[in-house]
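Residues per chain are reported as follows:
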Amino acid sequence: MRLIIRNDYGAASQWLAEYIIARINNFQKEQPEKPFVLGLPTGSSPLGIYERLIAARARGRVSFAKVVTFNMDEYVGLGPDHPQSYHAFMEDNLFRHLDIDRNNTHILNGASPDPAKECADYEARIAAFGGIELFLSGMGRDGHIAFNEPGSSLSSRTRIKTLTEDTRSANARFFGGDRDKVPPQALTVGVGTVMDAREVAVLVSGRDKARSLKAAVEGGVSHLCTLSCLQMHPKALIVCDEDAAYELKVGTVKYFKGLDP
């Protein structure tokens with residue numbers, strides 16, 4: 001696991017956006033016949049990254065014409081046209097600003113009449129593209145990745161997941177502040193699905209996530225902090241700000257800052 005610490009959310013977002021741009025550009029030079037398969041999150045964490053990717057595309061620094069995306073999750077019961085669906089979120093905050101082919105964007109259908117089949121088909125579509133090259137993610141306040149909340153199996157695959165009250169409360173800001181409007185279930189990629197990616201990159205920001213980041217980096221691998229699974233990944237990267245690193249030991253911070261190029 002590699003940990004990059006930057007002063008604030010903006011600097012952390014900038015670092016990770018530049019990293020993604022470089023990865024896409026290098027991949028397309030080395031393997032021009034293949035699409036770059038990118039896993040994507042929603043929520044507030046990636047917004048700074050998305051803004052910078054959009055700006056880079058506008059300046060001609062990167063192209064998404066040969067990028068295929070798979071999103072992490074979607075609320076059960078929300079169709080693609082629902083304003084609070086993750087389909088709408090991605091369209092508004094990223095896709096409509098890029099030169100990406102909509103046929104190359106994949107998001108779980110929360111309104112599917114057969115959610116179990118939808119999840120199995122999603123795994124099959126990922127496999128059909130040869131797997132995910134880079135999976136970008138955020139981290140929940142309790143250390144969860146995607147909607148794999150505490151207690152999730154570390155070998156889990158894409159499935160239906162009941163959301164905790166804490167997660168619904170945290171996401172109420174997207175539903176007018178009303179927790180009861182947040183759907184109680186979601187379709188989500190599993191921890192195992194994320195771990196299958198050839199690289200995983202996570203953005204963590206804010207003092208409210210400091211204890212969970214400490215558990216993920218300094219604690220043992222545990223289903224009670226699903227981000228800790230990255231300790232077992234051969235190419236995992238966490239980029240955080242100083243607030244998120246607040247609970248880390250001084251020695252841990254010095255060690256990773258000493259490795260920072």
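Model, not experiment: these values are computed from the prediction. (Residues numbered from 1 in each chain as written. Predicted model: local features only at pLDDT ≥ 70, side-chain atom pairs only at ≥ 80, totals over all residues. Heavy atoms only, no water.)

**Q** I would appreciate a short explanation of the sheet that holds strand 7 (residues 159–162) in the present structure.
**A** Strands sit in the order 4-8-7 across an open sheet of three strands; the sheet is antiparallel. Each edge of the open sheet carries a strand with a single partner, namely strand 4 (73–75) and strand 7. The mean inter-strand angle of the sheet, taken between neighbouring strand axes irrespective of direction, is 30 degrees. Sheet analysis places strand 4 next to strand 8 (residues 185–188), joined by three bridges and oriented antiparallel. Of the residues in strand 8, the one forming a bridge with tyrosine 75 is alanine 186. (Pairing = 2+ DSSP bridges. Helix = DSSP H or I, 4+ residues; strand = E, 2+ residues; numbered from the N terminus. Axes fitted to C-alpha atoms, helices over the stretch in contact; angles between N-to-C directions.)

**Q** I tried to follow the packing of helix 2 (residues 47–58) against helix 3 (residues 86–93) on my own but got confused; where do I start?
**A** Packing of helix 2 against helix 3 brings their axes to within 10 Å, and their N-to-C directions diverge by 45 degrees. Judged on the interaxial angle alone, helix 3 and helix 2 are oblique. Contacts between helix 2 and helix 3 involve Leu47, Tyr50 and Ile54 from the former and Phe89, Met90 and Asn93 from the latter. In terms of residue class, the contact of helix 2 with helix 3 is built from five nonpolar, one polar and no charged. (Parallel < 35°, antiparallel > 145°, perpendicular 65-115°, else oblique. Contact = heavy atoms within 4.5 Å. Nonpolar A, V, L, I, M, F, W, Y, C, P; charged D, E, K, R; others polar.)

**Q** Explain the sheet that holds strand 1 (residues 2–6) to me, please; I cannot follow it from the model alone.
**A** Pairing between the strands of a sheet comes from backbone hydrogen bonds, and it takes one of two forms, parallel or antiparallel. Taken in spatial order, the seven strands line up as 1-10-9-6-2-3-5 in an open sheet, and their pairing is parallel. The sheet is open, and its two edges are formed by strand 1 and strand 5 (105–106), each paired on a single side. Bridge analysis of strand 2 (residues 36–40) against strand 3 (residues 67–71) gives five bridges, and the strand direction is parallel. Paired with valine 37 across the bridge in strand 3 is valine 68. Sheet strands in contact with helix 4 (residues 115–128) are strand 3 and strand 5, and its direction is about 155 degrees off that of strand 3.

That's the geometry; what it means functionally is another story.
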